Amino acid sequence: MADAKISMYLPPNVNPTQAAIAYGCRALPKLNEELQSDDLLTRQQALMALCDLMHDPEHVYTAISIGCLESLKALLKDTNDLVRIKTTEVLCIMATHNVGREGFLEHNVIQALSFLLSDAQPACRENLYTAFKHLAQLPAGALGIVNSGLIPSLVWKLQREEEEIQVLLLDTLAACLTEDATEALASRAVPFLKEKLLSTNCDIRSKAARTLIAVSVPPEGKVQVWQHDVIPILVHLLKDRDEEVQANAAGALMNATVTTEGKYAALDVEATRPLLQLLTSSLSKARLNAIKALTMLAEAPEGRKLLQPHVATFRALEELQPAVQRAAQIAIRVIEWKP
């Protein structure tokens, strides 16, 4: 007859680094209690378990309602590196859900996260900036970041972070500056973004140009783009090997050439030629931005004269998407206008 033996190994599918999750509705309240434990290992295991549970928006809603966000805010100040890293990871996952983003605004999580902008751990900062990126996708979230006074710090960090984090920062800034670019313009954002346009990383070039679109919406932004000689670089990027870079550069030119100084700065570096080439781009965004930029240039007599031989090209675009069609019709009217 065989003898019964107790195995010395853990049962299969059991993660020893993760807290045991209570059954049913007790799961999250128990984890919230463990987040407040004085025992370091208990806090770490509870955070590991939360990282798995927060992928479900229903769990995010429950976690917020029982006060998990307050517990997580307290853990952002923990002296243990792993606790801070896993806390920011939990918050980053929560920020992917709309209910999580709204919870951030209601519980003032933005301000709590801001204390980790200079954390010594790159993983912690990366989670933080990813959370800000997700939060900024909500207009109220972008405005919340602006109202927290973080824009000057984010612009400053753009010069000092690793490339992976710079991409996240640019995504966040692009969304936030769409709401209000005042603080960014006062923080020398345009010269910093000009430097990023010259990066060897195509993602950084593309996102820097997209951020310039937002920066150049207010009149002061248009003036700074011209004053800091950004327009020649944008024209050069119209010939970039990456289509997203081309499209965003055309969008930035579209805004920058609203002013008379911007128009003539673009005409001086022969912007019409690469913009006309973009009219056949496979990206509708690139075609639309190029048409609008050319329309701005056509408002100047010199630009109108250069574009008159290309009216047929604009007429061919009238058969495409409605937005492109309307933009092409407006461009034709401006080009054919006679005093």
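Keep in mind that this is a model prediction, so the values were computed, not measured.

## Topic: the overall build of the chain
For step 1, the next point in the chain: Of regular secondary structure, the chain possesses 23 helices and zero strands.
For step 2, the next point in the chain: The C-alpha atoms of the chain give a radius of gyration of 26 Å, which is well past the 20 Å a tight globule of 339 residues would have.
For step 3, the next point in the chain: Its C-alpha atoms put the chain at 100 × 50 × 35 Å along the principal axes.
For step 4, the next point in the chain: Scored against the burial criterion, the 339 residues of the chain give a buried share of 53%.
For step 5, the next point in the chain: Put simply, 69% of the contacts in the chain that link residues at least 6 apart link residues at least 24 apart.
For step 6, the next point in the chain: If you sum the accessible surface of the chain, you get close to 16,500 Å²; carbon and sulfur atoms cover 54% of it.

## Topic: the nonpolar core
For step 1, the next point in the chain: By size, the foremost hydrophobic cluster in this structure holds 114 residues, and its most contacted members are Met54, Met94, Phe104, Ile145 and Ile151.
For step 2, the next point in the chain: With nine residues, helix α11 (residues 163-179) is the largest single contributor of residues to this core.

## A look at the environment of Ile151
For step 1, the next point in the chain: In this structure, Ile151 sits in helix α10 (residues 151-157).
For step 2, the next point in the chain: The buried category is assigned to Ile151, whose relative accessible area is 0%.
For step 3, the next point in the chain: Ile151 sits 31 residues away from Thr182 along the chain, and the two C-alpha atoms are 9.4 Å apart.
For step 4, the next point in the chain: Every residue in contact with Ile151, bar those within four places of it in the chain, is listed here: Ile145, Val146, Leu173, Cys176, Leu177, Glu183 and Ala184.

## Section: the packing of aromatic side chains
The geometry of an aromatic ring pair is captured by two quantities: the separation of the ring centres and the angle between the planes.
For step 1, the next point in the chain: Evaluated as defined, the whole model comprises zero aromatic pairs.
For step 2, the next point in the chain: Just above the ring of Phe115 sits the side chain of Lys77; from NZ or CZ to the centre is 5.9 Å.

## Let's talk about the UniProt feature "domain: Condensin complex subunit 1 C-terminal" (unreviewed entry) in the chain
For step 1, the next point in the chain: If you check UniProt for "domain: Condensin complex subunit 1 C-terminal" (unreviewed entry), the listed places come out as residues 67-194 in our numbering.
For step 2, the next point in the chain: Split by type, residues 67-194 is 75% helix and 0% strand. Its first and last C-alpha atoms lie 43 Å apart.

## Here's the deal with the environment of Gly100
For step 1, the next point in the chain: With respect to the helices, strands and loops of the structure, Gly100 is situated in helix α6 (residues 98-106).
For step 2, the next point in the chain: Taking the relative accessible area as the measure of exposure, Gly100 reaches 0% and is therefore buried.
For step 3, the next point in the chain: Expressed as a C-alpha distance, the spacing of Gly100 and Thr172, which sit 72 residues apart in the sequence, is 17 Å.
For step 4, the next point in the chain: For Gly100, the contacting residues outside a window of four places in its chain are Val60, Ile64 and Met94.

## Quick look at the pattern of salt bridges
For step 1, the next point in the chain: Using the criterion set out here, one finds 14 salt bridges in the structure.
For step 2, the next point in the chain: A salt bridge links Arg84 to Asp119; the nearest nitrogen and oxygen atoms lie 2.8 Å apart. Of this pair, Arg84 sits in helix α5 (residues 81-94) while Asp119 sits in the loop between α7 (109-114) and α8 (122-136); the two residues are 35 residues apart in sequence, bridging distant segments of the chain.

## Focus: a negative patch on the surface
For step 1, the next point in the chain: Judged by side-chain charge, Glu126, Glu162, Glu163 and Glu164 come together as a negatively charged surface patch.
For step 2, the next point in the chain: Along the polypeptide, Glu164 turns up in helix α11.

## So, unusual backbone geometry
For step 1, the next point in the chain: Not every positive phi belongs to a glycine, and Asn108 is a case in point at roughly 55 degrees.
For step 2, the next point in the chain: Relative to the elements of secondary structure, Asn108 occurs in the loop between α6 and α7.
For step 3, the next point in the chain: According to the relative accessible area criterion, Asn108 is partly exposed, its value standing at 46%.
For step 4, the next point in the chain: One non-glycine residue, Asp229, lies in positive phi territory at about 55 degrees.
For step 5, the next point in the chain: Examined against the element boundaries, Asp229 turns out to sit in the loop between α15 (219-227) and α16 (231-237).

## Re the UniProt feature "repeat: ARM" (unreviewed entry) in the chain
For step 1, the next point in the chain: The UniProt entry lists residues 229-271 under the feature "repeat: ARM" (unreviewed entry), expressed in the numbering used here.
For step 2, the next point in the chain: Annotation note: span residues 229-271, helix share 70%, strand share 0%, distance between end C-alpha atoms 14 Å.

## As for α11
Because an α-helix completes one turn every 3.6 residues, residues spaced three or four positions apart along the sequence face the same direction.
For step 1, the next point in the chain: With 17 residues, α11 ought to run about 24 Å at 1.5 Å a step, and its terminal C-alpha atoms sit 25 Å apart, in line with that.
For step 2, the next point in the chain: For α11, a buried count of 13 out of 17 residues is recorded, marking the element as mostly surrounded by other parts of the structure.

## A closer look at helix α14 (residues 202-215)
For step 1, the next point in the chain: Spanning 14 residues, α14 covers 20 Å between terminal C-alpha atoms, matching the ideal 20 Å at 1.5 Å per step.
For step 2, the next point in the chain: Listed in full, the buried residues belonging to α14 are Ile204, Arg205, Ser206, Lys207, Ala208, Ala209, Thr211, Leu212, Ile213, Ala214 and Val215.
For step 3, the next point in the chain: On its buried side, α14 packs onto α11, α12 (182-186), α13 (189-196), α15, α16 and α17 (243-256).
For step 4, the next point in the chain: At the N-terminal boundary of α14, the capping side chain belongs to Asn201, with an oxygen 2.8 Å from the backbone nitrogen of Asp203.

## What about the packing of α17 against helix α20 (residues 284-298)?
For step 1, the next point in the chain: Contact geometry for α17 and α20: axes closest at 8 Å, N-to-C directions at 30 degrees. Comparing the axis directions of α17 and α20 gives the class roughly parallel. Considering the relative orientation of α17 and α20, their crossing is left-handed. When α17 is examined against α20, the residues Glu244, Ala247, Asn248, Ala250, Gly251, Leu253 and Met254 are found in contact with a partner set consisting of Lys285, Ala286, Asn289, Ala290, Lys292, Ala293 and Met296.
For step 2, the next point in the chain: Classifying every residue of the contact of α17 with α20 by side-chain character gives eight nonpolar, three polar and three charged.

Reading guide: rules and limits
- Residues numbered from 1 in each chain as written.
- Predicted model: local features only at pLDDT ≥ 70, side-chain atom pairs only at ≥ 80, totals over all residues.
- Heavy atoms only, no water.
- Helix = DSSP H or I, 4+ residues; strand = E, 2+ residues; numbered from the N terminus.
- Rg over C-alpha atoms; globule rule 2.2 N^0.38 Å.
- Buried < 20%, exposed > 50% of the residue type's maximum accessible area, 1.4 Å probe, protein only.
- Contact = heavy atoms within 4.5 Å.
- Areas by Shrake-Rupley, 256 points an atom, 1.4 Å probe, with all protein chains shown as cover.
- Core = buried A, V, L, I, M, F, W, Y, C linked by side-chain atoms within 4.5 Å.
- Phe/Tyr/Trp six-rings, centres within 6.5 Å; stacked < 30°, edge-to-face > 60°.
- Lys NZ or Arg CZ within 6 Å of the ring centre and 35° of its normal.
- UniProt positions renumbered as here; feature names shortened; annotations may be inferred.
- Salt bridge = Lys/Arg side-chain N within 4 Å of Asp/Glu carboxyl O.
- Patch = residues over 30% accessible without salt bridge, like charges linked within 9 Å, V, L, I, M, F, W, Y side chains within 5 Å.
- Lys, Arg positive; Asp, Glu negative; His and termini not counted.
- Charge placed at Lys NZ, Arg CZ, Asp CG, Glu CD.
- Expected span 1.5 Å × (residues − 1).
- Polar contact = N/O pair within 3.5 Å; in protein donor to acceptor, adjacent residues only side chain to side chain.
- Axes fitted to C-alpha atoms, helices over the stretch in contact; angles between N-to-C directions.
- Parallel < 35°, antiparallel > 145°, perpendicular 65-115°, else oblique.
- Left-handed = near helix turned anticlockwise from the far one by under 90°.
- Nonpolar A, V, L, I, M, F, W, Y, C, P; charged D, E, K, R; others polar.

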